Amino acid sequence: MAFLSELFAFLYQAGDAFAFLVLAACGLAIVFGMMGVINLAHGEFILCGAYVCATATRLGMPLPLSVLLGALVAGIVGMILERLVIRHLYHRPLDTIVATWGISMIATQGTLIVLGSTLPGTGTPLGSFTLGDYSFSQYRLVLIGTALATLVGLYLLFTRTRFGILARATIQMPHMAQALGINTGLVYSLTFGLGAGLAGLAGGLYAPTMTLVPTMGSAFLVEAFVTVVVGGADIFLGTAPAAAILGVIKAALTSWYGQLAGQIGLLLTAIVVIRVMPRGLSGWLLRERG
Amino acid sequence: MTDTILKTAKLETGYDSKPVLQGVDIEVKRSEIVAVIGRNGVGKSTLMKSLIGLLPCKRGELLLEGEPITKLSAHRRARRGIGYVPQGRDVFPRMTVMENLRAGESLGAPSPGIYERMFEFFPILEERRNQRAGTLSGGQQQQLSIARVLIGSPKLVLLDEPSEGIQPSIVQEIARTMVRLNRESGLTVIFVEQNIDMIRAMAHRCYVMDKGRIVTELTPEMLEDRDTVRRYLSV
């Protein structure tokens, strides 16, 4: 029994880390993988989702709806920004980085000025349960389930829907997609909105578990980038397995040597992976497959 | 309704500051199959790209069924019924055959039974329907690229060197299919080609291009004579 509860504790921790990485990274991975845009404002879409969710919850909206509202608002803000800024910078990756970094700073400082240094939190919902010597939060299990559901949902979206076909066609060959009557501008806008909406989803889901401050996005950003770098451009062959591997590494190092070791482990893994597979797991897998 | 499906007037375009088309005038009637021939680099592919709208026109006018479409973007022109099959096929390599065909539905809603019809024309596509398009042979990709636009029932199809790098049996099959579609459903085709057999098998008449202009036109009678066509191919 002791062994079983140890094992469960480890799986729980690894699953928790996996869920965090998947949810933090999938929006970033879609925007990078499908559009080639490195979005340094990703953390601020997470911030947006978290603030909207927390505010809606405090106003009495049930948490699941608040989370979805956060995702929706972040997605709409993303589409507006795509139209105003990002659209004009396709094919200029370095300029996109600078522009999104600027947006990130404006959003963080603007939030600080307008809403102050912190927003009251809502507290983690659901209770906890004990197994052996350990106590576990039920909400974390919900997060793990949501991360898996998000991956399945995205897979179905990109393989089974009309939007998926149009998005993949646009990404693989934009000029040909256009010549077939596909409104590629709209596809880019929706794809960026989807990425931003997923960031908002992550923010909303984690809002009850965190202190809400204007810089909270950066807590997600580093790990999101590590996951995308290790995974490469493809979300299913890259982000998902990368999050699983990194989740196990992080959970192991954190439970044996503490949180700092976990963070260092993630960064070291990223460095090694870039050295061995410059285009990440998915780049390597796709090349192997031919 | 006018009988002319597509007309250009003094069409000019180019890349950056380098002019390629220097005043192209063509007029294509409904249900015609017209070839565009000429040496390499005279602007044939550029003409096709500017007809579909992947290259903006600098000067001149482009009319589809009497309406100006010069300022319309490529996807809007496509939705008005122009199907473009580029040189090098440009199938979506990491999508399956079926997904490539579905992408063609953006051109226009698929009419009932259109998939069955395409599979009848190109049986290999049905056999390989779940295979990724990037793994098909050149000829199979060409058939897919053509079927992909036909799914959306275009009024006009632009083919850019359909025979390039493809084995002769498939070239013949493609030519037969286009001719049959032309006879059965009145499909209009403009195609750029170097392959003399394909030109003679398909074309009703033929524009000869040189230095960004149409320099002459071959009538059906002139197309009868192999040597005449051969001579103009190297004008």
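What counts and what doesn't
Residues numbered from 1 in each chain as written. Chains lettered and ligands numbered in written order. Predicted model: local features only at pLDDT ≥ 70, side-chain atom pairs only at ≥ 80, totals over all residues. Helix = DSSP H or I, 4+ residues; strand = E, 2+ residues; numbered from the N terminus. Rg over C-alpha atoms; globule rule 2.2 N^0.38 Å. Buried ≥ 20, exposed ≤ 12 C-beta atoms within 10 Å, placed from the backbone. Pairing = 2+ DSSP bridges. Domains from an automatic or database assignment. Contact = placed C-beta atoms within 7 Å. Nonpolar A, V, L, I, M, F, W, Y, C, P; charged D, E, K, R; others polar. Axes fitted to C-alpha atoms, helices over the stretch in contact; angles between N-to-C directions. Left-handed = near helix turned anticlockwise from the far one by under 90°.

Considerations on the overall build of chain A
At step 1: Counting secondary structure elements, chain A contains 12 helices and two strands.
At step 2: When the helices and strands of chain A are listed from N to C terminus, the series reads α-α-α-α-β-β-α-α-α-α-α-α-α-α.
At step 3: In terms of overall dimensions, chain A is globule-like: its C-alpha atoms have a radius of gyration of 19 Å, near the 19 Å expected for 290 residues.
At step 4: Summarising its shape, the C-alpha atoms of chain A cover approximately 65 × 50 × 35 Å along the three principal directions.
At step 5: Taken across its 290 residues, chain A has 49% of its residues classed as buried.

What to know about the pairing of strand β4 (residues 33-37) of chain B
All names here are of chain B.
At step 1: Judged by how many residues are buried, β4 sits mostly within the fold: five of five residues are covered.
At step 2: By the bridge criterion, four bridges tie β4 to strand β9 (residues 188-192) in an arrangement that is parallel. Across the sheet, Val36 pairs through a bridge with Val192, a residue of β9.
At step 3: Bridge count between β4 and strand β10 (residues 205-210): four bridges; the pairing is parallel. Across the sheet, Ile37 pairs through a bridge with Val208, a residue of β10.

A short note on the domain arrangement of chain A
All names here are of chain A.
At step 1: Once the domains are mapped, chain A shows domain 1 (33-214) and domain 2 (216-290).
At step 2: A separation of 19 Å is found between the C-alpha centroids of domain 1 and domain 2.
At step 3: Opposite the 14 residues of domain 1 that make contact, domain 2 presents 11 residues.
At step 4: Of all elements in the fold, only α2 (42-58) and α5 (138-160) reach the threshold of two or more residues within the side of domain 1 that touches domain 2.
At step 5: When residues in the side of domain 1 that touches domain 2 are grouped by element, the largest group, six residues, is from α2.
At step 6: Grouping the amino acids of the side of domain 1 that touches domain 2 by side-chain chemistry returns 10 nonpolar, three polar and one charged.

Describing the sheet that holds strand β8 (residues 156-160) of chain B
All names here are of chain B.
At step 1: Pairing is mixed across the open sheet formed by six strands, whose spatial order is β7-β8-β9-β4-β10-β11. Strands at the two margins of the open sheet, each flanked by one partner only, are β7 (82-85) and β11 (213-218). Averaged over all pairs of adjacent strands, the angle between their axes in this sheet comes to 20 degrees, without regard to strand direction.
At step 2: In this fold helix α6 (residues 138-150) packs onto β7 and β8, with an angle of close to 170 degrees to the strand it touches most, β7.

Examining the interface of chain A and chain B
At step 1: Facing 15 residues of chain A, the contacting portion of chain B comprises 21 residues.
At step 2: Those elements that place two or more of their residues in the side of chain A that touches chain B are α6 (162-172) and α7 (174-179) of chain A.
At step 3: Looking at which element gives the most residues to the side of chain A that touches chain B, the answer is α6(A), with five residues.
At step 4: Within the side of chain A that touches chain B, the residues separate by chemical class into eight nonpolar, six polar and one charged.

Notes on unusual backbone geometry
Residues and elements named next belong to chain B.
At step 1: For Ser31, which is not a glycine, the phi torsion comes out positive at approximately 65 degrees.
At step 2: Positive phi, normally seen in glycine, also occurs at Glu65, with a value near 50 degrees.
At step 3: One can find Glu65 in the loop between β5 (59-64) and β6 (67-68).

Considering the packing of α2(A) against helix α4 (residues 93-115) of chain A
Residue and element names in this part refer to chain A.
At step 1: Between α2 and α4, whose axes approach to 8 Å, the crossing angle comes to 30 degrees. Crossing of α2 over α4 shows left-handed handedness. Side by side, α2 and α4 meet where Gly43, Glu44 and Leu47 of the first sit next to Ile103, Ser104, Ala107, Thr108 and Thr111 of the second.
At step 2: Looking at the contact of α2 with α4, its residues break down into three nonpolar, four polar and one charged.

A look at the environment of A:Gly258
Residues and elements named next belong to chain A.
At step 1: Secondary-structure assignment places Gly258 in the loop between α10 (235-257) and α11 (259-276).
At step 2: According to the C-beta neighbour criterion, Gly258 is exposed, with 11 such atoms within 10 Å.
At step 3: Through-space distance from the C-alpha of Gly258 to that of Leu119 is 29 Å; in sequence the pair is 139 residues apart.

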